[in-house]
Amino acid sequence: KQWYQRRVAITAGDYIQKYKGMEEKQNLTWEKLNGNYSKSSKLKNLVRQGIPRKFRCSVWMAISGAQSKLETNPGLFDQLIARSGSEYRSNKDASSQHQLEIIGMDIPRTFPENSKFQESVMRNNLQDVLFAFSMYKPEIGYCQGMNFIGGALLLALQEPSGELKPEECFWLLVTLIDAVPDYYSSKMVSLSNDIEVLQVLLKKRIPKTYAHISSFGIPVQVFITKWFICLYVDILPIHTVYRVWDCLFYEGYKVLFRVAMYEFITHKHEIKSMTDVSQVAVFFKSLVWDQHAWDDHRYLKNVFSRTGRLARQSLEMKRETQQKTNPT
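Residues numbered from 1 in each chain as written. Predicted model: local features only at pLDDT ≥ 70, side-chain atom pairs only at ≥ 80, totals over all residues. Heavy atoms only, no water.

## Observations concerning the environment of F131
With respect to the element layout, F131 can be found in helix α8 (residues 120-136). Look at F131 and you get buried, because its relative accessible area is 9%. A C-alpha to C-alpha distance of 6.5 Å links F131 and L100, two positions 31 residues apart in sequence. (Helix = DSSP H or I, 4+ residues; strand = E, 2+ residues; numbered from the N terminus. Buried < 20%, exposed > 50% of the residue type's maximum accessible area, 1.4 Å probe, protein only.)

What follows is the structure, given as C-alpha cells:
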C-alpha cells in the first residue's frame, strides 16, 4: 500500500477506551497543587503529561504570565474593544480601518466546519479579541492565521456552561505572539530564520531524509511555514494542539522546533519513499488525520523522547548565527 493509504486516524471509541480514567487521576493531581503553579521540575513534568481541561485556563494564565498582564492592566481589554469600534465607525485611520475589515472577512473563515463558530456569540467574541489585539499591538496589527489561534483559544477556555472568556483569550494571544513577535512582522525575518535553524537541525539529525526532500528542489519553508505561524492550529488535531500549547506556554518557543523535528523523524521512511513533490505536499497537508497525532498522550511523549536534548542555549546560538547570516 501507498503511505497515504495507511494514515487511518484512531477512532474516538479506541481513544476513550485507551485513556479511560486518566483525566480523573490528572484532575486529582492538579487539585492537590491548590493553585501553586510556580515553575519546578515537578510542574514541568505534569505539564508535559497534559493539563486537564478544567484547569487549563488558570494554568495557562499563570505559567505564561498572562494573568499578571491582565491584573496589571484592568479594564484595558474593554477599552481596546471600544476604541476599535470607534475607529471602525469614524473611518479616520485608513490603516486601522483596513485591519478591521480584514478581520471581519476572516471571522467566517475560522473553523467553518465547527458548529460553535456558526454561532454569532462565538464569532463576535473572536472579533473582539482580534480587534483588541490589533489596537494593542499596532506595530504587528492583525495577520492572517491569528484568527485560528484566537479561535482555538476561545474553544479551549470555554466553560462547560458555554460561557466564553474573551479577556483571558486576548491576554493569552498577546503572550503567544510576544513569544515569537517577528513571526508576524511584515518581512517575517524571524520566522524565516527559525525555519533555517530547523533545517540545520534536520540536516544533522536525519541527513538522508532531509536530502531526499531537498532533491525535489522545493524549499522546506513552502511546506512548514504554516506550522510555525499558526502554532500548529489547523495542522494537528485540535486536542493535540492544546497539548503542544500546554508545553509552549511553560517552556517557550523551542517546543515548536521539537514538534517539527518529531514530524520529520517519525515519518522519515514514508518521506523517503515519495517520488515527487506532489506526494510531499499532500503528506504535509494531511497530518491532521495522522494516527500518530490523534493519540495526543503518546504523541507528546514521543515529541520529547525522540527528538533528543534541545538546550535553549544551543538553540539561541543557532538563531543568533542565522540572524547574522540573514539580518533583513
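## Some words on helix α14 (residues 238-251)
Over its 14 residues, α14 runs 20 Å from end to end, which matches the ideal 20 Å to within 8%, given 1.5 Å per residue. Within α14, twelve of the 14 residues are buried, which leaves the element mostly enclosed by the surrounding structure. Residues T240, V241, Y242, R243, V244, W245, D246, C247, L248, F249, Y250 and E251 constitute the buried set of α14. Two residues or fewer past α14, G252 is found with a positive phi of approximately 90°. (Expected span 1.5 Å × (residues − 1).)

## Points about helix α4 (residues 53-64)
Along an α-helix, a turn takes 3.6 residues, which lines up residues three or four apart on a common side. Its twelve residues place the ends of α4 16 Å apart at the C-alpha level, agreeing with the 16 Å of an ideal helix rising 1.5 Å per residue. Among the residues making up α4, those that are buried are F55, R56, C57, V59, W60, M61, I63 and S64. Check the buried side of α4 and you find it contacts α2 (22-33), α3 (41-49), α5 (66-72), α9 (146-157), α10 (166-179) and α14. Among the residues trailing α4, G65 stands out with phi positive, at a value near 95°. (Contact = heavy atoms within 4.5 Å.)

## Quick notes on the packing of α2 against α3
Running from N to C, α2 and α3 point in directions that differ by 150°, and their axes come no closer than 12 Å. Taken together, the axis directions place α2 and α3 in an arrangement best described as roughly antiparallel. Crossing of α2 against α3: the hand is left-handed. Contacts between α2 and α3 involve Q26, T29, W30 and L33 from the former and K42, L43, L46, V47 and Q49 from the latter. Taken together, the residues of the contact of α2 with α3 break down into five nonpolar, three polar and one charged. (Axes fitted to C-alpha atoms, helices over the stretch in contact; angles between N-to-C directions. Parallel < 35°, antiparallel > 145°, perpendicular 65-115°, else oblique. Left-handed = near helix turned anticlockwise from the far one by under 90°. Nonpolar A, V, L, I, M, F, W, Y, C, P; charged D, E, K, R; others polar.)

## Re the packing of helix α15 (residues 254-266) against helix α19 (residues 296-305)
If you want to describe how two helices pack, look at the angle between their axes and the distance between the axes. It is the contact of α15 with α19, at a shortest axis distance of 9 Å, that shows an interaxial angle of 95°. Our classification of the angle between α15 and α19 gives roughly perpendicular. Touching R258, V259, Y262 and E263 of α15 are Y299, N302, V303 and F304, all from α19. In terms of residue class, the contact of α15 with α19 is made up of five nonpolar, one polar and two charged.

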